[in-house]
Amino acid sequence: MNWLRRYPKEIQALLLASLINSTGSALMWPLTTMYVFGELGRSMQDAGLVILLQSLGGIAGQLVGGAMYHRIGVKKLLVGSLLVNALSLFALPVVSSHWHVYMLTMLIVGFSNAMTLPAIQAFVGFRFASRRGEIFNTIYVGNNIGVALGTALSGPLADISFPLTFVLNGVTCLLFAVYFFVYLNRVGREGGLHVEAKTTKRSQGALPLLMNTRVYLYMGLGALFLWLGNCIWNGGVSPSILSDGKPASYYSILWTMNGVLIFALQPLIAWMKRSFASLPETQMTAGSLFYLAGYAVILFLPHYWAMVLAMFLATIGEMLFQPAMPAFISERTHADAPFYLGVSGGIGQAGRVIGPYIMGILYDRGGLEPVAWLAVGAAVLSCGFFVLNHRLQRSGSAGGERLREA
């Protein structure tokens, strides 16, 4: 991997560990709907309910993870949540025959996995402050190489055994926990776990931080509607492919394509950032427009090859949006970044809560078309909130500036 050589060994190890973990995660997450709908014989409404509970756990996990970062430390937070996540994944094959226990376990999976997100993002932002934007993007690319590898295996593995995907995901999560335990012990001996305290004064109290809405609220609402619309892949495309008599591998091909494109289209994204999307705010707005274009393709051309084109457009939107959000927060909030990463991530996660359940109901009643209309409408609202966020930042009165002056 030549793209790794320009980074120090510490970053290389972090990127490779993230890649392995994302490969394991990709074995399972695209297939949750198919497992409930196809393997367990439940309705799409039930499948949406499972994802709703998992996403509710994700909201709570992001909020708790962001709030606990400075209280218990990044090592306990990361390693502990990864261990809980691994144990929950190992339990899934055992509890799947008990519907309510299965749902509770998926709630725990969502909670424990989401706790790691603000912790990893904040730690990277603190540890590699001078290159945080570049590192966020590179971790994102590496994770999606893992997504490409994992989804390429997920379809064939699902045809063999769905529980096998749960176990392999748990193994990679456990390996990720071991990696962070060793790595953060070494960083702690070097005195690098609290690098943020050396350069930035940390604000006190959640309420004053929450009052600074301009730094997180409108961006978070934009993410909420973006993720709501993105539920079309599980809540519309997935059952549509099954209903057309195509095998599960057709769906995993779409996500394999997503991972490959995220690596292959980096030169295109770099050109976009140089040409018209140099700021994180602009990147989020442009990303929502590409998502909108992808959903419109599914709405007006509801065929498999049109879904391939829609995935291409949505992937460009994802590449612009995903690394921009943590970069935006980290650049403007400094030592308070864990809190704001958790809050903005939690708001965005709400879209993943309501999206699958609503889309499951719509699909059961009318098929793919009403689901696609909802996705298009959500993308329009998402773009509107990102435009508002961009204008507020340009006004010169953004909350991030007030934080710097505090």
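Residues numbered from 1 in each chain as written. Predicted model: local features only at pLDDT ≥ 70, side-chain atom pairs only at ≥ 80, totals over all residues. Heavy atoms only, no water.

Another point: the overall build of the chain. A count of helical and extended segments in the chain gives 19 helices and zero strands. When each of the 406 residues of the chain is scored for burial, the buried share is 58%. When the accessible surface of the chain is summed, it comes to about 16400 Å², and 66% of that surface belongs to carbon and sulfur atoms. (Helix = DSSP H or I, 4+ residues; strand = E, 2+ residues; numbered from the N terminus. Buried < 20%, exposed > 50% of the residue type's maximum accessible area, 1.4 Å probe, protein only. Areas by Shrake-Rupley, 256 points an atom, 1.4 Å probe, with all protein chains shown as cover.)

On to the environment of Ala 86. Locating Ala 86 in the fold gives a position in helix 4 (residues 74-95). Relative accessible area serves as the criterion here: at 1%, Ala 86 is assigned to the buried category. Separated by 23 residues in the primary sequence, Ala 86 and Val 109 have C-alpha atoms spaced 8.3 Å apart.

Per the stated rule, a full pass over the model turns up three salt bridges. Two residues, Arg 42 and Asp 46, come together in a salt bridge whose shortest N-O distance is 3.7 Å. Here Arg 332 makes a salt bridge to Glu 281, at a shortest N to O gap of 3.3 Å. One end of the pair, Arg 332, is in helix 16 (residues 324-333); the other, Glu 281, is in helix 14 (residues 280-300), with 51 residues separating them in the sequence. Its relative accessible area of 4% is what places Glu 281 among the buried residues. Three or more residues joined by partner-sharing salt bridges are found here, namely Glu 281, Glu 331 and Arg 332. (Salt bridge = Lys/Arg side-chain N within 4 Å of Asp/Glu carboxyl O.)

This paragraph deals with the packing of aromatic side chains. Throughout the structure, instances matching the rule amount to 16 aromatic pairs. Here Tyr 179 and Phe 180 contribute two aromatic rings whose centre-to-centre distance is 5.2 Å and whose plane-to-plane angle is 65°, an arrangement assigned as edge-to-face. Look at Tyr 179 and Tyr 183: their rings are 5.5 Å apart centre to centre, the planes differ by 10°, and that puts the pair in the stacked class. In this pair, Tyr 179 and Tyr 183 are both assigned in helix 7 (residues 162-189), four residues apart and thus about one turn of the helix distant. The burial state of Tyr 179 is the same as that of Tyr 183; both residues are buried. The structure contains a cluster of three or more aromatic residues connected by ring pairs, namely Phe 176, Tyr 179, Phe 180 and Tyr 183. One Lys or Arg, Arg 42, reaches over the ring of Trp 99 and ends 4.2 Å from the middle of that ring. (Phe/Tyr/Trp six-rings, centres within 6.5 Å; stacked < 30°, edge-to-face > 60°. Lys NZ or Arg CZ within 6 Å of the ring centre and 35° of its normal.)

Moving on to the environment of Ala 314. Looking at the secondary structure, you find Ala 314 in helix 15 (residues 304-321). Along the backbone, Ala 314 and Asn 230 are 84 residues apart, and their C-alpha atoms lie at a distance of 8.7 Å. Setting aside residues no more than four positions away along its own chain, Ala 314 makes contact with Trp 233, Phe 290 and Tyr 291. (Contact = heavy atoms within 4.5 Å.)

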